[in-house]
Amino acid sequence: MSLTSDPPRDKAPGRAAPPEDYSSLKVVPVRNPWRWVAVAVTAVLVAQFAHGLTTNPGWEWDVFADFFATETILKAVWITLQLTFYGTAIGFALGIVLAFMRLSRSPFLKSVAFTYIWAFRSIPLIVQLLFWFNLTYLYKRLDFGIPFGPGFFSFDTAGLVGAMSAAVLGLALHQAAYAAEIVRGGVLAVDTGQLEAAAALGIPRLRQLRRIVLPQAMRSILPNAANEVISLFKGTSIVSVMAIGELFYQVQVVYGRNGRVVPLLMVATVWYIILTTLLSIAQYYVERHFSRGATR
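The shown structure was predicted, so the numbers you read here are calculated from the model rather than taken from an experiment.

**Student:** Just checking my understanding: could you explain the overall build of the protein chain for this structure?
**Tutor:** Scanning the protein chain from terminus to terminus reveals 12 helices and 2 strands. Beginning at the N terminus, the succession of helices and strands in the protein chain can be written as α-α-α-α-α-α-β-β-α-α-α-α-α-α. In the protein chain, which comprises 296 residues, the share counted as buried stands at 27%. Partitioning the intrachain contacts of the protein chain with sequence separation of at least 6 by distance along the chain shows that 72% fall at a separation of at least 24. Here the protein chain has roughly 20100 Å² of accessible surface; of this, 65% comes from carbon and sulfur atoms.

**Student:** Can you walk me through the environment of L195 in this structure?
**Tutor:** Counting through the fold element by element, L195 comes out in helix α9 (residues 192-200). Taking relative accessible area as the criterion, L195 reaches 29% and is therefore assigned partly exposed. C-alpha separation for the pair L195 and I212, spaced 17 residues apart in sequence, amounts to 7.8 Å. Other than its neighbours up to four places away in sequence, L195 contacts Q208 and V213.

**Student:** Explain the packing of aromatic side chains to me, please; I cannot follow it from the model alone.
**Tutor:** Per the stated rule, a full pass over the model turns up 9 aromatic pairs. Pairing W59 with W61 gives two aromatic rings, centres 6.0 Å apart and planes at 15 degrees, and the pair type is stacked. Classification of W61 as partly exposed rests on a relative accessible area of 30%. Ring geometry for W61 versus F64: centroids 5.3 Å apart, planes at 85 degrees, classification edge-to-face. You can see W61 and its partner F64 sitting in helix α2 (residues 61-67), 3 residues apart, about one turn around the helix. The exposure class assigned to F64 is buried, which follows from its relative accessible area of 13%.

**Student:** Any chance you could explain the side chain of Q128 here in plain terms?
**Tutor:** Tracing the chain through its elements places Q128 in helix α5 (residues 125-133). Among the residues examined, Q128 registers a relative accessible area of 4% and is labelled buried. Here the side chain of Q128 touches F120 through a polar contact of 3.1 Å, landing on its backbone oxygen. Those residues in contact with Q128 that lie beyond four places of it in its chain are F120, I123, G170 and H174.

**Student:** Can you help me understand unusual backbone geometry in this one?
**Tutor:** For residues other than glycine, phi is negative in most cases, and the peptide bonds are mostly trans. Not every positive phi belongs to a glycine, and E60 is a case in point at roughly 50 degrees. Residue position: E60 is located in the loop between α1 (33-55) and α2. One non-glycine residue, A243, lies in the positive phi region at around 60 degrees.

**Student:** Hey, could you run me through the nonpolar core in this one?
**Tutor:** Grouped burial of nonpolar side chains is what soluble globular proteins tend to show. Ranked by size, the top nonpolar core spans 24 residues in total, and within it L98, Y116, L171 and V239 carry the most contacts. Among the secondary structure elements, those contributing two or more residues to this core are α3 (71-103), α4 (107-122), α5 and α8 (163-188). Among the elements that make up this core, the one with the highest residue count is α8 (8 residues). Excluding anything up to four places from it in sequence, L171 contacts L83, L125, L129, L232, T236 and V239. With 18 residues, the next largest nonpolar core counts V63, F64, A268 and L275 among its residues.

**Student:** Can you help me understand helix α10 (residues 205-235) in this one?
**Tutor:** The α-helix advances 3.6 residues per turn, and as a result positions three or four apart in sequence lie on the same side. Over its 31 residues, α10 extends only 37 Å from the first C-alpha to the last, a length that falls short of the 45 Å expected when each residue adds 1.5 Å. The largest bend along α10 reaches roughly 45 degrees and is located at I221, with the proline P223 sitting one to four residues downstream. Every buried residue belonging to α10 is among Q208, I212, V213, A217, I221, L222, A225, A226, V229, I230, L232 and F233, and all of these are buried. Buried residues along α10 sit in contact with α3, α8, α9 and α12 (261-290).

**Student:** Looking at this model, I keep getting lost on the packing of α3 against α4. Mind explaining?
**Tutor:** Helix packing for two helices is described by the angle between their axes and how far apart those axes are. Two elements in contact, α3 and α4, have axes whose closest approach is 7 Å; the angle formed by their N-to-C orientations is 130 degrees. Here α4 runs oblique to α3, going by the angle between their axes. For the element pair α3 and α4, the recorded crossing hand is left-handed. Touching L94, L98, M101 and R102 of α3 are L109, K110, V112, A113, F114, Y116 and I117, all from α4. Its residues assigned to classes, the contact of α3 with α4 shows 9 nonpolar, no polar and 2 charged.

**Student:** I'm lost on the side chain of T276 in this one. Help?
**Tutor:** Take T276: it is sitting in helix α12. A residue is classified by how much of its surface remains accessible, and T276, at 17% relative accessible area, is buried. A polar atom in the side chain of T276 sits 2.6 Å from the backbone oxygen of Y272.

**Student:** Help me out: how do you make sense of the environment of G162 in this one?
**Tutor:** Position of G162 relative to the elements: it lies in the loop between α7 (157-160) and α8. G162 gets classed as partly exposed once you look at its relative accessible area, which sits at 30%. Considered as a pair, G162 and T136 are 26 residues apart in the sequence and their alpha carbons are 9.8 Å apart.

Reading the values: rules and limits
- Residues numbered from 1 in each chain as written.
- Predicted model: local features only at pLDDT ≥ 70, side-chain atom pairs only at ≥ 80, totals over all residues.
- Heavy atoms only, no water.
- Helix = DSSP H or I, 4+ residues; strand = E, 2+ residues; numbered from the N terminus.
- Buried < 20%, exposed > 50% of the residue type's maximum accessible area, 1.4 Å probe, protein only.
- Contact = heavy atoms within 4.5 Å.
- Areas by Shrake-Rupley, 256 points an atom, 1.4 Å probe, with all protein chains shown as cover.
- Phe/Tyr/Trp six-rings, centres within 6.5 Å; stacked < 30°, edge-to-face > 60°.
- Polar contact = N/O pair within 3.5 Å; in protein donor to acceptor, adjacent residues only side chain to side chain.
- Core = buried A, V, L, I, M, F, W, Y, C linked by side-chain atoms within 4.5 Å.
- Expected span 1.5 Å × (residues − 1).
- Bend = angle between axes of the 7 residues up to and from the residue.
- Axes fitted to C-alpha atoms, helices over the stretch in contact; angles between N-to-C directions.
- Parallel < 35°, antiparallel > 145°, perpendicular 65-115°, else oblique.
- Left-handed = near helix turned anticlockwise from the far one by under 90°.
- Nonpolar A, V, L, I, M, F, W, Y, C, P; charged D, E, K, R; others polar.

Here is the structure:
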């Protein structure tokens, strides 16, 4: 073979290769046999579970239907919603304050906020509720006046902090510790360059927070905040230790009388599922509102 022979014309440098014709090729879909095995096994398990729900007499669906919408249960659902609403509103209001205390330049405010969050995240919720429920044991009355001096008027804690007030106070203070970290994380997720640009334009700091920081921070805050609200909604069942007539407590009272434990537990379960689903739907629309301009 001659080493000085010219290269083939179809492979000459600088000339593109002719396009190949793929129309004659047969396209074969990728086979995933194990995926179909997993689908079949899962479908069989789901079908067995559904069949057990409908055919097992132990579920006593007739008893479930009798108690699902009784006046006692509906009142208990309303109390559960009240505890959730007040705990969320007060908790996130205090949490926003704590979050900006942690973000402040004052070492004292940062230390106070950090200590609060550390303490209330460390103590179990049931301990906090029982503490506030027994507040009268420590403080018989609350005096308002000059600090470390005489008081001008006072309140009797026995009449001021009842079972419902103690439950709301305990849930709200507990929720505030987690809400503070959620809000702080959302604010830190906003690009600091935008605040620098706003400051260069002379926009007041409060308006920067209201018009620039919070609308963008809400995209990060909302998913975690919604999870906390749903957890609080289900966590209200813990106030049954204080004999408050919320949903789980009333279900316990009813099945303690008639002995129908499983169908009454299913009453509480279905109500929790319904209300959690409604909260999830509200979360979706709120998130979509604050995501305007961020998604295309």
